[in-house]
Every structure is written in C-alpha cells, then in structure tokens.
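Structure assessment
Single-letter residue listing:
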Amino acid sequence: MRKQYLKNLPARHVDASSLSFRLKSTPVVAVQLCLSRGGELCVKDLLPRVEALLPKNIYVSLFDDCRKLPPRGLLLSALAYTCRGLLEGRTISRKPGLDLLLYLQGDRNIHVAVQRFSSGCGRRIGAVFFALGVEPEDLRQVVEGVLGSLGLQVEEQGENGSLDFYAEIAGVPGEKAIDHLRARMALEALEV
C-alpha cells in the first residue's frame, strides 16, 4: 500500500474523508484518516503529542485501528452532538475528542470508551480531526503540519469494515446499528 502525506493525496480522497456543515451558524469541519508510521503506534503515547500541536478549536479522536473509524452517517451525528455541547458549554467530559467517542458508543462510560476505541496499539490507527469556526483548508493545513511533525503518513482506508464493530457495540444486527446508535446519542445529548 502506498503511503503519502495529506498534501499529496488526490483531492477525491481528502474530500471523501472530509465533512463540513454549520451548527448554530458556526462552521464545523472534520477529516477522518487512516495513519501509519512504519511501525506500531500506541494511542496513549501518540494522543498527547498530537493534542499539543493543535491550536484552539481543533480537536482529535484517535482509534487504535482504522477499522474502528465510524461510518460517515454515524460520524456526522456524533460530531453534531459533540460540537453542539462545545458551543453550549455543556460537554460530557473535559476533552472534546473523548466526547466524540462517548457519543459514538451511545453512553457515558469513559473507561469503556477508552478501552473500546483507543487503548491498543497498531500499525494503522484511525484519526478524526474536527474543528469549530475553522475553514476546511485551514484544518487541512493544521493536520498536514501535525502529520509532518510526527512523521505520520496517510494511507487509503480501504473498505470500511466498521459496521460489524458498531453493530457489536449496539447489540443489534449490522443493518440496524447506525439507527440504534443515533437514538442512543440523542438520549445522551438530552442528559447533558
């Protein structure tokens, strides 16, 4: 598999992994990537280094396996709830990246979220960078800087086999997983 930095990716790949929408008239942008560095990466070691390089209003969630990156529809809902909490000052945790993971699993158990999504190590880890009040190109530049500073390379995600992973979290068949987890997210958002 050919490895490349974000700036060298074909526009269709970057656009396919990007999300952009408005929430309470504030732009929200995100990019979902599969990353590697030629050896094993451990989220617990990498996360503080990545967060230290991010400016205010840009956040990250890391996954210990690219196959845990959420399907687009699920990610969109989790981002909307996470960013709404940030805008209203009503978040579940102190870290927006962790809030995203909590919404993805549909409950507030921080220990389970960390164990489930980001406790391991792997050769290919997933990342969701997201920002409030930032233009898509500005987010791309920040992400590119972080990847360059840490020697991380973007790889093609390939077939996203995450639906089975999320169906297991939801405890329902794959075809019902996204709707079920979205309903759980809505209930979590009501309790914040």
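Above: the structure in question.
A brief report on the enclosed structure follows. If you're wondering where the values come from, they're calculated on a predicted model, not measured in any experiment.

Considerations on helix α6 (residues 136–150)
Because the α-helix completes a turn every 3.6 residues, residues three or four places apart line up on one side. Here α6 contains 15 residues, and its C-alpha end-to-end distance of 21 Å stays within 8% of the 21 Å for a straight helix at 1.5 Å per residue. Regarding α6, the residues found buried are L139, V143, V146, L147 and L150. Taken around the axis of α6, the buried residues stretch over an arc of 95°, which confines them to a single face. Those residues of α6 that are buried lie in contact with β2 (26–36), α2 (43–53), β4 (58–63), β6 (125–132) and β7 (153–155). Residue G151 follows α6 closely and has a positive phi angle near 70°.

Examining the state of the cysteines
A complete count under the given rule lists 2 disulfides for this structure. In this model, C34 is linked to C66 through a disulfide, with the two sulfur atoms separated by 1.8 Å. The disulfide joining C34 to C66 has a torsion of about 100° about its S-S bond and is therefore right-handed. Of this pair, C34 sits in strand β2 while C66 is found in the loop between β4 and α3 (72–88), placing the two residues 32 residues apart along the sequence. Judged by its relative accessible area of 0%, C34 is buried. Look at C66 and you get buried, because its relative accessible area is 7%. With its sulfur 1.9 Å from that of its partner, C42 forms a disulfide with C121. Across the S-S bond of C42 and C121 the torsion is about 105°, and the bridge reads as right-handed. Highlighted residues: C42 in strand β3 (residues 41–42) and C121 in strand β5 (residues 121–122), separated in sequence by 79 residues. Look at C42 and you get buried, because its relative accessible area is 19%.

Criteria and cut-off values
- Along each chain, residues carry numbers from 1 onward, in the same order as the chain's sequence is written.
- With the structure being a predicted model, the display of local features is reserved for residues of pLDDT at least 70 and the display and counting of side-chain atom pairs for 80 or more, all residues being used for whole-chain, interface and lining totals.
- As a convention, hydrogens and water are excluded, and side-chain values are obtained from all of the structure's heavy atoms.
- Under the scheme used here, helices are H or I runs from DSSP no shorter than 4 residues and strands are E runs no shorter than 2 residues, and both carry numbers assigned from the N terminus.
- To estimate how far a helix should reach, multiply one less than its number of residues by 1.5 Å.
- In this scheme, a residue with accessible area under 20% of its type's maximum is buried, one over 50% is exposed, and one in between is partly exposed, where area comes from a 1.4 Å probe on protein chains only.
- This arc describes the spread of directions from the helix axis toward the C-beta atoms.
- Residues count as neighbours in contact if any of their non-hydrogen atoms are within 4.5 Å of one another.
- When two cysteine sulfur atoms lie within 2.5 Å, the pair is treated as a disulfide.

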